[in-house]
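# Breakdown of the fold
What follows is the residue order along each chain.
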Amino acid sequence: MIKRRSLLAGAGALALAQLLAGCNSRSNAALRVRLLDGSVPVQLLRAFQRDLEQQLALDFLPQPQLSDLYDLLQTWKQAEAEPVRSGWRERIPFLNSNRQPENVADLVTLGDYWLASAIRQELIQPLELETLPEWEKLPDRWQALVRRDRQGQLNPEGELWAAPYRWGSAVIAYRIEEFEELGWTPTDWQDLWRPELKGHVSLLDSPTAVIGVTSKKLGQSFNPTDLGEELQAELQALHQQTKFYSSDNYLQPLLLGDTWIALGWSTDVLPVLERDRRIAAIVPESGTILTADAWVRPAAAKPVTRTGDELTLVEQWINFCWQRQNAVNLSLLGTAASPVLTALNRTDLPAPIQQNSVLLPSTEVLERSEFLEPLSEGAIAQYHRLWTEVRGKVEG
């Protein structure tokens, strides 16, 4: 399973909670959002609150990991599905309090990795995005990513299930000093296989990401349809290069010098680059794996209808995130780029964004990049078998 955890301190979450929702106002909030910690700068939330025509209580509560937010969706769905019992226990609130663990949010951050599963399990409901003023400004690849059928598979005729508001990518992070001694620096995926790096590689504990990278090294898609002998041999060779696997702590060995190079997510790596000059990172020239964080609406959320042409508060927030200046500020102040940036003239963007090729890779690199596509149950089993077999040959 892919997990991406922000390495930012929790002070931002505390400031966010204090800014937007005190304990007394949370239950009466006009808009409840559960979001990934660090994914929306506090300055952007202040701006949204100022833009509202009337002063409203907003409840934006951060969660540390995307998996926590997915668990929330499951909790709300389970509570909604519990049968209503009759009898004296129903009349005593504390005996029945487990049926509603908390007020259901209007919107939740969900990573694209979880989107297919959330749709299949009916944890979320479709969104009406095509009538939002900023929807048409969203590049086609982001619109296609969230248009799916009821099984969660990509479908150009499907419904819209999410509103992407930021994205990141798979990157290679490395220790500068060690590579200065080697006399070269990484530029692409095949560098992970170089013999001088044997025993010095950190990898994500993710079959889809690592198999995808291996397939790309062979000049194929990040979404291989054939896990044949050539791919298996390359995957085994990469495993023999690797000292450490983790989806949460893969950067710690790099920082300590136990490994020299790591496959990771830009959202994790960018904060490290800002505070540790010993580490550098690149987005491989042949293209990379893209990831997206998006707003989804829980299936258990109450339906909301518009009054005339006026956008609902949920729609206002989604549309606000896509407005040009807000998209720029989200990218400038956060650890990921807005999808809106990929449709803008790069020379008009602030210099810190233009100069940060990890945050915003070149247009050419992005054209060669892909999202990991949802897998069928059979493909998931095939990936798992290969992953277990390769890692077991040496470890088992």
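### Quick look at the packing of aromatic side chains
- Going through the model one piece at a time under the given rule, you end up with 15 aromatic pairs.
- Aromatic pair F60 and W317: ring centres 5.0 Å apart, planes at 75°, arrangement edge-to-face. Taken together, the residues F60 in strand β2 (residues 58-63) and W317 in helix α12 (residues 313-322) connect sequence positions 257 residues apart.
- Considering the side-chain rings of W142 and W167, the 5.8 Å spacing of their centres and the 40° angle between planes classify their relative orientation as tilted.

### Notes on empty space enclosed by the protein
- In the structure shown here, the tally under the stated rule is four cavities of 30 Å³ or more.
- Space inside the second largest cavity adds up to approximately 50 Å³.
- Taken together, L110, G111, D112, L115, L145, V146, A162, P164, A292 and A294 make up the full set of residues lining the second largest cavity.
- For the lining of the second largest cavity, the elements supplying multiple residues, two or more each, are β3 (107-111), α5 (112-120) and β12 (289-298).

### Observations regarding the pattern of salt bridges
- Across all of its chains, the model carries twelve salt bridges by this definition.
- Between E234 and K217 there is a salt bridge, and its shortest N-O distance comes to 2.9 Å. Within this pair, whereas E234 is found in helix α9 (residues 229-241), its partner K217 is found in helix α8 (residues 207-217), the two being separated by 17 residues in sequence.
- For K217, a relative accessible area of 26% puts it in the partly exposed group.

### Some thoughts on the side chain of T109
- Within the secondary structure, T109 sits in strand β3.
- At 3.0 Å, the side chain of T109 forms a polar contact with the side chain of Y165.
- Leave out the neighbours within four places in its chain, and T109 touches R34, L35, L36, S39, L66, L69, Y165, D293, A294 and W295.

Rules and cut-offs
- Residues numbered from 1 in each chain as written.
- Predicted model: local features only at pLDDT ≥ 70, side-chain atom pairs only at ≥ 80, totals over all residues.
- Heavy atoms only, no water.
- Phe/Tyr/Trp six-rings, centres within 6.5 Å; stacked < 30°, edge-to-face > 60°.
- Helix = DSSP H or I, 4+ residues; strand = E, 2+ residues; numbered from the N terminus.
- 1 Å grid on protein atoms, 1.4 Å probe; cavity = no way out; pocket = protein on both sides within 12 Å on 5 of 7 lines; lining within 4 Å.
- Points joined across faces, edges and corners; volume = space filled by probe spheres on them.
- Salt bridge = Lys/Arg side-chain N within 4 Å of Asp/Glu carboxyl O.
- Buried < 20%, exposed > 50% of the residue type's maximum accessible area, 1.4 Å probe, protein only.
- Polar contact = N/O pair within 3.5 Å; in protein donor to acceptor, adjacent residues only side chain to side chain.
- Contact = heavy atoms within 4.5 Å.

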